[in-house]
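Next come the chains, spelled out residue by residue.
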Amino acid sequence: MAQHSAKHLIIGGGIIGCSTAYHLAKGGERDVVLLERAALTEGATWHAAGLVGQLRSSRNTTRMLKRSVALYDALEAETGMAFDWKKVGSLRLAATKERMLEAQRLTTMAQSFDLEMHMITPAEAKALFPYIDETGVEGAAFIPSDGHVDPAGLCLAIAAGARLHGADIRQGVEVTDFEIKNGRITRVMTTQGDYEAENVILAAGMWSRELGAKLGLRVPACAVEHQYIVTEPLPDPDLVRSLPSLRDPERLVYYKPDAGGRMVIGGYEDDTLPFGSSGIPGQFVRQLLPDNLDRFAPLAELAGRVTPVVNEVGIRQVINGPIPYSADGDFVMGWAPDLKNLMMATGFLYGIAAGGGAGEMIAEWITEGRPSLDLWPLDVRRFGPHHGTRAFMYPRAVEHYAHHYKMRYPGAEAQSARGLRRSPFYESLKARGAVYGSKNGWERPLWFAPEGTPPVDQLDFLDPGWHAFAAEEHRAVRTSAALIDQSSFAKFEMIGPGTLDTLQRLAACNMDKPVGSVIYAQFCNPHGGIESDLTITRLGQDHFYIVTGAGFGTHDADWIRRHLPETGTVQLIEVTSARAVLNICGPKARDILQAVCEEDISNDAFPFATAREIAIGAAPVRAVRIGFVGELGWELHIPTEFGAYVMEQLRDAGADHGLRDVGYRAIDSLRMEKGYLYWSGDISPDYTPIEAGLGFRVHLKSGGDFIGREVLAKQKKNGPERKLCTFTSTARLPLFGGETILHDGTPVSLVTSSGFGHSVGRMIMHAYLPRALCDRSDFEIEVFGQRHGISRVDGPLYDPENLRLKS
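Residues numbered from 1 in each chain as written. Predicted model: local features only at pLDDT ≥ 70, side-chain atom pairs only at ≥ 80, totals over all residues. Heavy atoms only, no water.

J.: Account for the sheet that holds strand β36 (residues 762-770), with residues named and values stated.
T.: On the basis of which strands lie adjacent, the closed barrel formed by six strands has the order β33-β36-β35-β34-β37-β38 and antiparallel pairing. The mean inter-strand angle of the sheet, taken between neighbouring strand axes irrespective of direction, is 40°. Inspection of the sheet shows strand β33 (residues 722-729) paired to β36 by eight bridges, in the antiparallel sense. Paired with C725 across the two strands is A767, which belongs to β36. The sheet contacts of helix α3 (residues 97-112) involve β34 (740-743), β35 (746-757), β37 (778-783) and β38 (786-793), and relative to β34 the element is tilted by about 60°. (Pairing = 2+ DSSP bridges. Helix = DSSP H or I, 4+ residues; strand = E, 2+ residues; numbered from the N terminus. Axes fitted to C-alpha atoms, helices over the stretch in contact; angles between N-to-C directions. Contact = heavy atoms within 4.5 Å.)

J.: I'd like to hear about the pattern of salt bridges, residue by residue, with values.
T.: Considering all chains together, one arrives at 46 salt bridges under this definition. With a closest N to O distance of 2.8 Å, D794 and R792 form a salt bridge. Here R792 falls in the buried class, since its relative accessible area comes to 14%. In the salt-bridge network here, residues are joined through shared partners; they are R92, R99, E102 and E250. (Salt bridge = Lys/Arg side-chain N within 4 Å of Asp/Glu carboxyl O. Buried < 20%, exposed > 50% of the residue type's maximum accessible area, 1.4 Å probe, protein only.)

J.: Describe the sheet that holds strand β27 (residues 571-574), naming the residues involved and giving the relevant values.
T.: Across the sheet, five strands lie side by side as β24-β25-β26-β23-β27; this open sheet has antiparallel pairing. A strand with exactly one partner marks an edge of an open sheet, and here the two such strands are β24 (518-524) and β27. Across the sheet, the mean angle from the axis of one strand to that of its neighbour is 30°, orientation sign disregarded. As paired elements, strand β23 (residues 490-495) and strand β26 (residues 543-548) share six bridges and run antiparallel to each other. For K491, the partnering residue across the bridge sits in β26 and is V547. Taken strand by strand, helix α14 (residues 553-561) contacts β23, β24, β25 (530-540), β26 and β27, and its axis lies near 75° from that of β25.

J.: Which residues make up the environment of A578, and what values go with them?
T.: Within the secondary structure, A578 is located in the loop between β27 and β28 (579-585). Residue classification places A578 among the partly exposed residues on the basis of a relative accessible area of 41%. Distance in space between the C-alpha atoms of A578 and K491 is 8.8 Å, their sequence separation being 87 residues.

J.: Give a detailed account of the environment of N320, specifying residues and quantitative values.
T.: Inspection of the secondary structure assignment puts N320 in strand β17 (residues 315-326). Assessed through its relative accessible area of 1%, N320 is described here as buried. Taking the C-alpha atoms as reference points, N320 and F296, 24 residues apart in sequence, are found 10.0 Å from one another. Contacts of N320, omitting those with residues within four sequence positions, involve E225, H226, Q227, L288, L289, P290, D291 and R295. At a separation of 2.8 Å, a polar atom in the side chain of N320 contacts the main-chain carbonyl oxygen of P290. (Polar contact = N/O pair within 3.5 Å; in protein donor to acceptor, adjacent residues only side chain to side chain.)

J.: Can you explain the pairing of strand β13 (residues 245-248)? Please cite residues and give values.
T.: Regular strands show a simple pattern: their side chains alternate between the two faces of the sheet. Burial along β13 is two-sided: S245 and R247 facing one way and L246 and D248 facing the other are all buried. Strand direction decides the pairing type here: strand β4 (residues 90-94) and β13, joined by three bridges, are parallel. By the bridge assignment for β13, L91 is matched with L246. Both β13 and strand β14 (residues 253-257) contribute to a ladder of three bridges, which runs antiparallel. Across the sheet, L246 pairs through a bridge with Y255, a residue of β14. As consecutive antiparallel partners, β13 and β14 are separated by four residues, and within that stretch L252 has a phi angle of approximately 65°, a positive value.

J.: Account for the packing of helix α1 (residues 15-26) against helix α2 (residues 59-79), with residues named and values stated.
T.: Between α1 and α2, the shortest axis-to-axis distance is 14 Å and the interhelical angle comes to 70°. Taken together, α1 and α2 sit at an angle that is classed as roughly perpendicular. You can see that α1 and α2 cross each other, and the crossing is left-handed. Seen from α1, the contacting residues are I15, Y22, H23 and K26; seen from α2, they are L71, Y72, L75 and E78. Grouping the constituent residues of the contact of α1 with α2 by class yields five nonpolar, one polar and two charged. (Parallel < 35°, antiparallel > 145°, perpendicular 65-115°, else oblique. Left-handed = near helix turned anticlockwise from the far one by under 90°. Nonpolar A, V, L, I, M, F, W, Y, C, P; charged D, E, K, R; others polar.)

And the structure:
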């Protein structure tokens, strides 16, 4: 068979693969080759509904989708190919008062994301889409720059653009296997010869899981059935052509005007069927599935209420096709952590809307090392090993599908595939009223329901019921003592000759501290952005214990491993399951711990930011004097089999000190009072430590030649162009992140995180401000369409001198 080579080898000829080829080639990359097993678009792209909506819950995902629209606006002029792009806007109905709150919140988020979106009246909505019955509709939201498109035509136009810039698109070439050496894909075997490639991009949609299995990977992407109907022509075909797309989430349906005056109507029903869970049948080229009108009937009935005219026209066609999905309903993008040269580009539920921008981001990721937008919500490294299993992925995908339009209040948790990872404290805490949430498969207490209160989460837009219970937990941490199960921390040991040198290269701070030191560190990228935010305990000369958030372990481990010496002398070993973690914190924490501990844990003997091996009763424990709540406390890292015993010892000792259980919702309000930051919200690869107010952790004199040093040195000298600031309000505002902050009526920022400070009696917000506004104090925040005055304040609101923390 023939031998081939490529610099960038793309597997999959749907819109994501074609867009990636287009952007790589347009950016000047040569030897870009795309392989498609059949013909372009013939997987899921050809039967997609074709809606192009831009607003998502993440600012950078929204920005990425805006880039799709920018491409679609210009593509016909570039390629000469028409693809029926209709930039007619999108309309979102609010059929209940709760949906009105939801729409108002989304409109505020859109403003924060620099996307034009307006709240309009029911009458204005009917003027835009005359077929709707506005009876009972509370209002609507309109995005003028959204639209709809012919998916196949769009994909072929993008492919034409890719060819125009030099990409080689080869159809009828099926990938059959791979060869891997030293963590790299060295050979891709196909039906028309073998390929060698510097980079392999997996954009195979619903086939990605099967191809991933050949690489030894469990790709967290799959497919589920999705149905829509195409109606016969409506009474006024000319009117149909001018309509915006329409979504009514309360009635679970969407509409897209189609050719000839017809209407595409689809939705997201309960209990859709997984597709290909035991392998995709046959070739499955340009195929559909048998329609299931019984399953679609409830959606059809709801659509008849939204637009009664559809009850009077027939159904021309039923489309039931598999659509890509993922374990959490969002895209799967980025370098696969288990291989050095595999780029993931799969799991695209709304690939037509995302295609143009996603291809651009993937191309940047490959050529620049990272995309220009931090895409953590879409990064493959957000997943754990369980996400790609059948037992987890398919039930979770079906649940997310059913909730695509259903009301999901902030903080809502998935209910399927739960109970995977349980700490040794799980049953004990459940019996004590724990209301559990899930993080990377871990069951974690969110808050504790007192006796007589059902242990069920209480969610709402304006006044969530859990607030009152978390407030009591918050006060317990500040006034007495608390136990917090933090076993879900991701934990690693890094060991071997050269470990210190490697950490000095990774960390922006000096890692050469005495054995027993606990070091708060940021690992930065070449642009100075924060890739990892973690605590590191030095156990020996070249032996360190690394702790990071439950959801960040795969990400942080991948960042570290990609910077380890090629000699193999430094090893990173995950030990998450080896140790349970109890955080004992609060002003009475020392009294309780000392009562069951053999060692002296006085402040002189055991100062802040140090770690020691201690005995609690008969259990060996690594005690780390650090925390995230701003009080005296220790993280107790306990060999798992001793966990339940240690908790019993502490409970007995704490009975007379008011020791109580505390969940993660209280942690959030406690850390906001203290000004502690959360990676993926307040800090991320988009922001540097200097911008985030963590300049004290950037050690230019004593630290090493760390990644990003040049950028951070310049910022330390000249000052950053933006800065993370703290804002407060005496009003208890219902904030969830993403709200717009304004100065003199102009949007200037958005909230990165927020919480009510029960100790200080104020609402607290974090947001970045441009340098010119960092000395101003009076601002406004928009919440559910209403503006409120807020004040910028300096420093942490609680214990700014760290007297309690270090007592």
